[in-house]
Amino acid sequence: MSERDCDPAQLIPQAGLRDSHFADLVRFAQIVYDPTGGLSGRSIAVNWQAFGLSEAVIIDLKMMGQRYQYSMPNVPPDVIWEQLAPASRKWFIENRTHLAKLEETFLARDED
């Protein structure tokens, strides 16, 4: 059985992922999609590879960031997990503890 066929409810805890990691991922994906935080008239060019993201992960996170651009970051973990490609899942697991620090590198976003 492949990772895609496994029950996310079993895989997520086995990978050491918590709800807070998923919220951090959604917030970071929002930043990858729009690093200006929605401020009009601003443009920021970011070298995401310098942050350890491959092109495939960047594309995946941009799509997620666009999908949840104006959403609260508390999307159910199994929903997020299913949307991630295998390369993004691997990157997420490896970087889950660094996501909050990555977020702080960019402009504060209104999470209300």
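Rules of the game
- Residues numbered from 1 in each chain as written.
- Predicted model: local features only at pLDDT ≥ 70, side-chain atom pairs only at ≥ 80, totals over all residues.
- Heavy atoms only, no water.
- Helix = DSSP H or I, 4+ residues; strand = E, 2+ residues; numbered from the N terminus.
- Buried < 20%, exposed > 50% of the residue type's maximum accessible area, 1.4 Å probe, protein only.
- Contact = heavy atoms within 4.5 Å.
- Salt bridge = Lys/Arg side-chain N within 4 Å of Asp/Glu carboxyl O.
- pLDDT = per-residue confidence, 0-100.
- Arc of directions from axis to C-beta.
- Phe/Tyr/Trp six-rings, centres within 6.5 Å; stacked < 30°, edge-to-face > 60°.

## Here we look at the overall build of the protein
1) Next: A tally of helices and strands in the protein yields 6 helices and 0 strands.
2) Next: For the protein, the residues scored as buried account for 40% of the 112 residues in total.
3) Next: Sequence separation of 24 or more characterises 74% of the internal contacts of the protein that already satisfy a separation of 6 or more.

## Describing the pattern of salt bridges
1) Next: The final tally for this structure, using the stated rule, is 3 salt bridges.
2) Next: The partner of Glu94 in a salt bridge is Lys90, with the nearest N and O atoms 2.5 Å apart. Of this pair, Glu94 and Lys90 both sit in helix α5 (residues 86-95), 4 residues apart, which is roughly one turn of that helix.
3) Next: Residue classification places Glu94 among the partly exposed positions, given a relative accessible area of 48%.
4) Next: Connected through shared salt-bridge partners, Asp24, Arg27 and Glu103 make up one network.

## Here's the deal with the environment of Phe51
1) Next: Among the secondary structure elements, Phe51 is positioned in the loop between α2 (19-33) and α3 (55-67).
2) Next: In contact with Phe51, other than residues within four places in its own chain, are Val46, Trp91, Leu102, Thr105 and Phe106.

## Examining the confidence of the model for the protein
1) Next: Confidence in the prediction of the protein, expressed as mean pLDDT, is 83, and 82% of residues score 70 or more.
2) Next: When mean pLDDT is taken per element in the protein, α3 scores highest with 96 and helix α1 (residues 8-14) scores lowest with 64.

## Quick word on α5
1) Next: Residues of α5 that are buried include every one of Ser88, Arg89, Trp91, Phe92 and Asn95, and no others. Mapping the buried residues of α5 onto a view down its axis gives an arc of 165°, with all of them on the same face. Turned more than 90 degrees away from the buried face of α5, the exposed residues are Pro86 and Lys90.
2) Next: Turning to α5, the residues buried within the fold contact α2, α3, α4 (77-83) and α6 (99-104).

## Section: the packing of aromatic side chains
1) Next: In this structure the tally under the stated criterion is 4 aromatic pairs.
2) Next: Ring geometry for Phe22 against Phe92: centres 5.0 Å apart, planes inclined by 75°, an arrangement best described as edge-to-face. Taken together, the residues Phe22 in helix α2 and Phe92 in helix α5 connect sequence positions 70 residues apart.
3) Next: Ring centres 5.5 Å apart and planes at 45° place the aromatic pair Trp48 and Phe51 in the tilted group.
4) Next: Here a set of aromatic residues connected by ring pairs shows up, and it is made of Phe28, Trp48, Phe51 and Trp91.

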